[in-house]
Amino acid sequence: MVGEVRAGINTRNLAVSSDGRYAMVANYLPHTLVLLDTIDLHPIKVIPVQDENGKSSRVSAVYDAGPRHSFVAALKDIPEVWEVIYADDPLPVYNGPMHDYRMGEGVSQTRGRFPVRRIKLDDYLDDFFFDQSYRLLIGAARNANNGQVIQMDVGRKIADLELDGMPHLGSGITWEYQGRTVLATPHLKKNEVSVIDMTTWKTIKRIPTEGPGFFMRSHENSRYAWVDVFFGPNKDKVHIIDKQTLEIVKTLQPEPGKTAAHVEFDKDGRRALLSIWDMDGAVIVYDADTLTELKRLPMVKPSGKYNVSNKINRSAGTSH
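Reading the values: rules and limits
Residues numbered from 1 in each chain as written. Predicted model: local features only at pLDDT ≥ 70, side-chain atom pairs only at ≥ 80, totals over all residues. Heavy atoms only, no water. Helix = DSSP H or I, 4+ residues; strand = E, 2+ residues; numbered from the N terminus. Rg over C-alpha atoms; globule rule 2.2 N^0.38 Å. Buried < 20%, exposed > 50% of the residue type's maximum accessible area, 1.4 Å probe, protein only. Contact = heavy atoms within 4.5 Å. Areas by Shrake-Rupley, 256 points an atom, 1.4 Å probe, with all protein chains shown as cover. Pairing = 2+ DSSP bridges. Phe/Tyr/Trp six-rings, centres within 6.5 Å; stacked < 30°, edge-to-face > 60°. Lys NZ or Arg CZ within 6 Å of the ring centre and 35° of its normal. Axes fitted to C-alpha atoms, helices over the stretch in contact; angles between N-to-C directions.

Trainee: Kindly report on the overall build of the chain, identifying the contributing residues and their values.
Mentor: What the chain contains, in helices and strands, is one helix and 26 strands. Against the globule reference of 20 Å for 320 residues, the chain gives a C-alpha radius of gyration of 20 Å, in line with a compact fold. Taken over 320 residues, the chain has a buried fraction of 53%. Long-range contacts, defined as pairs at least 24 residues apart, comprise 43% of the intrachain contacts of the chain with a sequence gap of at least 6. Total accessible area computed for the chain in this model is approximately 14,500 Å², and 51% of it derives from carbon and sulfur atoms.

The following block contains the structure:
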């Protein structure tokens, strides 16, 4: 079984269940999902990633959907989303049209532990995030022209999103704006942040930036959202957006010429931590209200920083 787990581990291809009992590894090679026991990391189940015709696929990303007691995976080469249920006594899974699961009307069903639920899509899904209820999955379509909203309870796409700059929805965030919930995402190939109404799924604002962005973060206790300018000549800048005016209120340039990236908040939302992505780099701590620098910690090319409290409590200001 040792050869079954070959993925380079990062936050997209390793997920741990909310109860801490299971881990799921998503592999490029071989084309499998591997369910592990977190006590001794022994494999519980190896799941070949194939469609109904036997075509196999790499796995783009896998995340824990704690409220659903499941892992959810996006596939690189098959236009499907998979949900692997880890509840102790899961309901039967119907991979096909059905009206009422209690009457056994499904085209096919999977029983037993760790059933796989397949949701077919119109396009491939690369990365995604969940809304706060975990009933909606919002992902980027491979065609780079739009995003997709999948209703996980009914197992189908319910909306397309106007996202034509290859959005990095793995860093998408949400907040309350004028009595409604909005989501915001940077784009990997466009100089803007898109803000979308999560009721109508219409774009309500395109915020121009000084280059394509990669990471976006906020906190429910902060009035600001931070987004880097990761690509292009202005990669040393970070924009700060007022969440109630949807305007950039400040642009930081903490170290001219060096990439500034990946802001993460502390658990209270009082401080924001920013990486200077350089061999002679640093993590810079900012006051999240005054936007002033508090401390600079020298580091060698610091990359992702993830606040455990914000992740496990599913902060709206971080992707999850």
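Trainee: Run through the sheet that holds strand β19 (residues 216–217), naming residues and quoting values.
Mentor: Ordered by their spatial adjacency, four strands build an open sheet running β19-β20-β21-β22, and the pairing between neighbours is antiparallel. Strands at the two margins of the open sheet, each flanked by one partner only, are β19 and β22 (247–252). Across five bridges, the pairing between strand β20 (residues 224–228) and strand β21 (residues 238–242) is antiparallel. When the sheet's bridge partners are listed, aspartate 228 is paired in β21 with valine 238.

Trainee: Would you mind going over the packing of aromatic side chains in detail, with residue names and values included?
Mentor: The description of an aromatic ring pair uses the distance of the two centres, along with the angle that the planes make with each other. Evaluated as defined, the whole model comprises 14 aromatic pairs. Relative to phenylalanine 230, the ring of phenylalanine 215 lies with its centre 6.3 Å away and its plane at 90 degrees, an arrangement referred to as edge-to-face. In this pair, phenylalanine 215 is assigned in the loop between β18 (203–208) and β19 and phenylalanine 230 in the loop between β20 and β21, connecting sequence segments 15 residues apart. For phenylalanine 215, a relative accessible area of 16% puts it in the buried group. Ring pairs connect the aromatic residues Phe214, Phe215, Phe230, Phe231 and Trp277, which therefore count as one cluster. The ring centre of tyrosine 28 lies 5.4 Å from the NZ or CZ of arginine 58, which sits over that ring. Against the face of tryptophan 277 rests lysine 301, its NZ or CZ located 4.7 Å from the ring centre.

Trainee: An account of the pairing of strand β12 (residues 136–141) is needed here, citing residue identities and associated values.
Mentor: In terms of burial, β12 is a largely internal element, six of the six residues being buried. Pairing analysis gives five bridges linking β12 to strand β13 (residues 146–151), with the strands arranged antiparallel. Opposite isoleucine 138, over in β13, you have valine 149 as the bridge partner.

Trainee: So, the sheet that holds strand β2 (residues 22–26): which residues are in play, and what are the values?
Mentor: Spatially, β1-β2-β3-β4 is the arrangement adopted by the four strands of the open sheet, whose pairing is antiparallel. The outermost strands of the open sheet, each flanked by one partner alone, are β1 (14–16) and β4 (43–48). Direction aside, neighbouring strands of the sheet carry axes that sit 15 degrees apart on average.

Trainee: Quick one: what's the story with the pairing of strand β11 (residues 125–130), residue by residue and with numbers?
Mentor: Counting buried positions over the six residues of β11 gives five, a clear majority of the element. Sheet topology note: the β11/β12 ladder contains four bridges and is antiparallel. For phenylalanine 128, the partnering residue across the bridge sits in β12 and is glycine 139. Taking the residues between adjacent antiparallel strands as the criterion, β11 and β12 are bridged by five residues, where tyrosine 134 takes a positive phi near 65 degrees.

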